[in-house]
Amino acid sequence: MIPLLPPETIDAIIDHIHDDTVALKACSLVSSTFLPSSRHHLFSEIVLECSAICNFLKTLDTPRSTIASALSRIVIRRTKFFRGEQKPHHIPENTARLYQHLQGVTHVKFCDVALADIPPPFWRLLHNLLGIKSLEVQKMTFDSLPRFFEYICSLPALESLSISKAFWAPVPYSFKTGQFRALSSFNVPLLDVGQLSQCGILEWFLSQQPIPPIHTLRLSLPAEAARIHAYLTANEFVIQNLCITLPIDVMSPRGDPVDFTAFSNLRSVQIEGFRVGQESPMRLAMRELTKSIITQLSSESVVEFKISLTIDSSADAFSFLGLPDHILIDTFNWDGIPRLVFQSFGALEKVVIAIRCLPAYQRRQVEQCFRKGPFSSSGVDRLHIEFPDPVQIES
């Protein structure tokens, strides 16, 4: 007779192969005692492309299906490669049973999708998942602002809401009292406020009681200064990390400038979109804007500063001569920006320089230029050089 192991021991053994799909499938067929833990690791997170949602609903709608009860995280992303005709939408036969079995789902993430790509039956299903505690929106397009808030307000258990690059028609929208159901207290780990995604989101936050705290704010300039100022007036000390993306056209500013002196208690500051290249009015305007932002954000609470830059040699004489980019770094006029960083943030513990779109064979020489250049006064132990890959949407 084969001795039976305690369930806790079986779970601990299977936990060691949590990322081995082949082994987990084999374990689920060996014994019924292995099935619950194996199924948990296989189906606790499902990544769905929009074109596969109908087949997924059919699978869940099967009377003998037990996958739904194992689900805790659903990731919905765009279809990378679509072949064939669009299949008709599947309408579940027993929606009440399906809603009940999916109440264990606590996390939903939308990744690089449009609302129009999600089948209506599945969108209605998402509205009825009342146990969702965490919602991530990463690059999603809505046809209208109300539909976005209607979905968020349908989640009574929501505790965490992250919004990065959510797009809708950038038209003025006025909230009406009682239009959307009020949510209980929730926090915002990340809010990306861009030119096409800022209209309405901060007003909705201000309409909540209590006003949700934002941990990390990504701000793409130009931004609507009045809305940002109103939020900071109500929640002055909650934002800890601030990421600012400089405008592409700094020569033609639009709208009122943001008052960065209103940001208090920041722990980290990041500036993106800085361009290094041949001297021009555009470069001068970008340096002046950068210096103005750093001066306004001056604080002893900031412990990390990061600047992401791109070496733009397309219109330079250096590129015509075939000289490497580190020559351009050596001759670039920083106009006192490094010194201003160290003066404005006296408690800095870490300075990060991220150089984007740089060929691998030039990285060593460019890093040496920065370590010997004006940023080197921060000390080698505090200066970090990064070469990030192109931004990709992750599931």
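Residues numbered from 1 in each chain as written. Predicted model: local features only at pLDDT ≥ 70, side-chain atom pairs only at ≥ 80, totals over all residues. Heavy atoms only, no water.

Q: Sorry if this is basic, but what is going on with the packing of aromatic side chains here?
A: Pairs of aromatic rings are described using the distance from one ring centre to the other and the angle between the two planes. For the structure on display, the rule yields 14 aromatic pairs. The interplanar angle of 80° and the centroid separation of 6.4 Å between the aromatic rings of Phe56 and Phe122 together place this pair among those described as edge-to-face. Taken together, the positions of Phe56 in helix H4 (residues 53-61) and Phe122 in helix H6 (residues 120-127) put the pair 66 residues apart, joining distant regions of the chain. Phe122 matches Phe56 in its accessibility class, with the two residues each being buried. Here Phe149 and Trp204 contribute two aromatic rings whose centre-to-centre distance is 4.9 Å and whose plane-to-plane angle is 25°, an arrangement assigned as stacked. (Phe/Tyr/Trp six-rings, centres within 6.5 Å; stacked < 30°, edge-to-face > 60°. Helix = DSSP H or I, 4+ residues; strand = E, 2+ residues; numbered from the N terminus. Buried < 20%, exposed > 50% of the residue type's maximum accessible area, 1.4 Å probe, protein only.)

Q: Whenever I open this one, the nonpolar core confuses me. Can you help?
A: Nonpolar side chains in soluble globular proteins tend to end up buried together. Formed by 105 residues in total, the largest nonpolar core has its most connected members in Phe110 and Phe263. The greatest single-element share of this core, amounting to five residues, is contributed by helix H7 (residues 145-152). Beyond its immediate stretch of four places on either side in the chain, Phe110 contacts Ile76, Ile118, Trp123, Leu126, Leu135, Glu136, Val137, Gln138, Met140 and Tyr151. (Core = buried A, V, L, I, M, F, W, Y, C linked by side-chain atoms within 4.5 Å. Contact = heavy atoms within 4.5 Å.)

Q: Just to check I follow, could you spell out empty space enclosed by the protein for this structure?
A: It is the rolling of a water-molecule-sized probe over the atoms that shows where space remains empty. A full pass over the atoms with the stated rule returns one cavity of 30 Å³ or more. Approximately 50 Å³ is the volume attributed to the largest cavity. Considering the residues around the largest cavity, the lining is formed by Val193, Leu202, Ile214, Leu217, Leu219, Ile228, Tyr231, Leu232 and Ile239. Elements with a minimum of two residues in the lining of the largest cavity: strand S7 (214-220) and helix H9 (225-234). Classifying every residue of the lining of the largest cavity by side-chain character gives nine nonpolar, no polar and no charged. (1 Å grid on protein atoms, 1.4 Å probe; cavity = no way out; pocket = protein on both sides within 12 Å on 5 of 7 lines; lining within 4 Å. Points joined across faces, edges and corners; volume = space filled by probe spheres on them. Nonpolar A, V, L, I, M, F, W, Y, C, P; charged D, E, K, R; others polar.)

Interpretation in functional terms is not warranted from these geometric data alone.
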